[in-house]
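One letter stands for each residue in the lines below.
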Amino acid sequence: MALFSATNLGYKSVNFAGSLRLGPNSQPKRIKTTQLLKNPRRLSLYYVNLLAIRVGRKVVAIPPSVFAFDHNTGAGTVFDSGTVFTILVKPVYVAVRDEVAGSCG
């Protein structure tokens with residue numbers, strides 16, 4: 001199994017940067033992994049089987065079907081190691097935004 005970990009700092013950080021670590025010797029001791037999925041119609045993209053998004057300890061109320069991988073249509077959650085940005089479809093963005101705002105008191 002190939003291992004990687006990605007760390008991205010916010011764009012307002014003084015040290016705006018991220019890192020991508022490859023191989024078993026560069027990984028933290030306790031790491032969780034997930035399989036990268038390939039789409040035969042979109043060979044340049046890697047997908048992940050995203051099940052949920054958490055804000056703090058709370059799972060945001062988003063149906064898992066929103067994230068579902070479909071190799072026939074190209075729908076799903078793309079993992080893009082070339083950017084520090086996360087792009088969400090509008091209903092997911094609104095749910096996450098509202099949960100973040102609500103958790104800030």
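Residues numbered from 1 in each chain as written. Predicted model: local features only at pLDDT ≥ 70, side-chain atom pairs only at ≥ 80, totals over all residues. Heavy atoms only, no water.

For the rest of this paragraph, the subject is the overall build of the protein. Secondary structure summary: the protein contains 1 helix and 7 strands in total. Ordered by position in the sequence, the α and β elements of the protein form the string β-β-β-β-β-β-β-α. Put simply, the protein has 105 residues, and 16% of those count as buried. The contacts of the protein with a sequence gap of at least 6 include a subset with a gap of at least 24, amounting to 48%. (Helix = DSSP H or I, 4+ residues; strand = E, 2+ residues; numbered from the N terminus. Buried < 20%, exposed > 50% of the residue type's maximum accessible area, 1.4 Å probe, protein only. Contact = heavy atoms within 4.5 Å.)

With that settled, the discussion passes to the environment of Thr-77. Assignment of secondary structure puts Thr-77 in strand β7 (residues 77-79). Relative accessible area serves as the criterion here: at 17%, Thr-77 is assigned to the buried category. Residues Thr-77 and Leu-51, spaced 26 residues apart in sequence, show a C-alpha to C-alpha distance of 9.8 Å. Residues in contact with Thr-77, not counting those within four places in the same chain, are Tyr-46, Tyr-47, Val-48, Leu-50 and Phe-67.

Pairing in this open sheet of 3 strands is antiparallel, and the strands run β3-β4-β7 from one edge to the other. Taken across any chain shown, the strands that pair with only one partner, and hence form the sheet edges, are β3 (37-39) and β7. Strand after strand, the sheet turns through a mean of 55 degrees between neighbouring axes, direction not considered. One ladder, built from 3 bridges, connects strand β4 (residues 42-48) with β7; its direction is antiparallel. Considered in β7, the bridge of Val-48 is made with Thr-77. (Pairing = 2+ DSSP bridges. Axes fitted to C-alpha atoms, helices over the stretch in contact; angles between N-to-C directions.)

This part covers helix α1 (residues 90-103). Relative to the 20 Å expected for 14 residues at 1.5 Å per residue, α1 spans 20 Å between its end C-alpha atoms, a close match to the ideal helical length. Buried within α1 we find Val-92, Ala-95, Val-96 and Glu-99. One face of α1 carries all of its buried residues, which in axial projection span an arc of 95 degrees. Counted as exposed and oriented over 90 degrees from the buried face of α1: Lys-90 and Ala-101. Tucked inside the fold, the buried residues of α1 contact β5 (54-55) and β6 (58-59). (Expected span 1.5 Å × (residues − 1). Arc of directions from axis to C-beta.)

Let us look at the nonpolar core. Judged by nonpolar contacts, Ile-53, Val-55, Val-60, Ile-62, Phe-67, Val-92, Ala-95 and Val-96 together constitute the single largest core of 8 residues. When residues in this core are grouped by element, the largest group, 3 residues, is from α1. Non-local contacts of Val-96, meaning those with residues more than four positions away in its chain, are made with Ile-53, Val-55, Val-60, Ile-62 and Leu-88. (Core = buried A, V, L, I, M, F, W, Y, C linked by side-chain atoms within 4.5 Å.)

Turning our eyes to something else, we now look at the pairing of β4. Two strands pair when backbone bridges link them, and β3 and β4 are joined in this way by 3 bridges, in the antiparallel orientation. Within β4, the residue paired with Lys-38 across the bridge is Tyr-46.

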